[in-house]
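Chain and residue survey
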Amino acid sequence: QVQLVESGGGLVQAGGSLRLSCAASGRTFSAYVMGWFRQTPGKEQEFVAAITGSGGGTYYAGSVKGRFVISRDNAKNTVYLQMNSLKPEDTAVYYCAAALEYRGILYSHRYTYNNWGQGTQVTVSS
């Protein structure tokens, strides 16, 4: 189990940028796939991006590809989500998630992840 704490959310104008951070507890951070999901009221959580334990593989939802970048610093037990060219439809609560990595893992499925942060609100104004 890992404890996850997100930070970096806030209010930004359309076209602006934000960087979310997710700090993880524990000493085996590199063993975990890390994902970002988001949720708006009345909707299910939506996959945003994921990164392998080594950081060598990244995966994105089509709606954010080319605008968002996921990265990690295993020495700092932290994963980041750099969000550029933000749109009002990016407004949501963003959640960080972790899952022990294994062969064949489904990076975009929320049920893959069994460790979740508390979420951070991102609001993009038009």
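Treat the numbers as computed from the prediction; the structure is a model and nothing was measured.

Here is what the cut-offs are and how they apply
Residues numbered from 1 in each chain as written. Predicted model: local features only at pLDDT ≥ 70, side-chain atom pairs only at ≥ 80, totals over all residues. Heavy atoms only, no water. Phe/Tyr/Trp six-rings, centres within 6.5 Å; stacked < 30°, edge-to-face > 60°. Helix = DSSP H or I, 4+ residues; strand = E, 2+ residues; numbered from the N terminus. Buried < 20%, exposed > 50% of the residue type's maximum accessible area, 1.4 Å probe, protein only. Core = buried A, V, L, I, M, F, W, Y, C linked by side-chain atoms within 4.5 Å. Pairing = 2+ DSSP bridges. Axes fitted to C-alpha atoms, helices over the stretch in contact; angles between N-to-C directions.

So, the packing of aromatic side chains
Pairs of aromatic rings are described using the distance from one ring centre to the other and the angle between the two planes. For the coordinates displayed, the defined rule picks out five aromatic pairs. Ring plane angle 70 degrees and centroid distance 5.6 Å describe the contact between F37 and F47, whose orientation is recorded as edge-to-face. Here the residue F37 occupies a position in strand β4 (residues 32-39), and F47 occupies one in strand β5 (residues 46-51), the gap between them amounting to ten residues. On the basis of relative accessible area, F37 is assigned to the buried category, the value being 0%. Exposure remark for F47: the relative accessible area of 13% places this residue in the buried category. Among the aromatic residues, ring-to-ring pairing joins F37, F47, Y113 and W116 into one connected group.

Brief notes about the nonpolar core
Counting residues in hydrophobic clusters, the biggest one holds 37 residues, and the most contacted among them are M34, W36, V79, L81, M83 and Y94. If you list the elements that add at least two residues to this core, you get β3 (18-24), β4, β5, β7 (68-73), β8 (78-83), β9 (92-100) and β11 (120-125). The greatest single-element share of this core, amounting to six residues, is contributed by β9.

Description of the sheet that holds β3
Strand order in the open sheet formed by four strands is β1-β3-β8-β7, with antiparallel pairing between adjacent strands. Taken across any chain shown, the strands that pair with only one partner, and hence form the sheet edges, are β1 (4-7) and β7. Neighbour-to-neighbour, the strand axes of the sheet open up by a mean angle of 15 degrees, direction not taken into account. With six bridges joining them, β3 and β8 adopt antiparallel strand pairing. Residue pairing for β8: L20 is matched across the bridge by L81.

The quantities given are spatial measurements derived from coordinates; they are silent on function.
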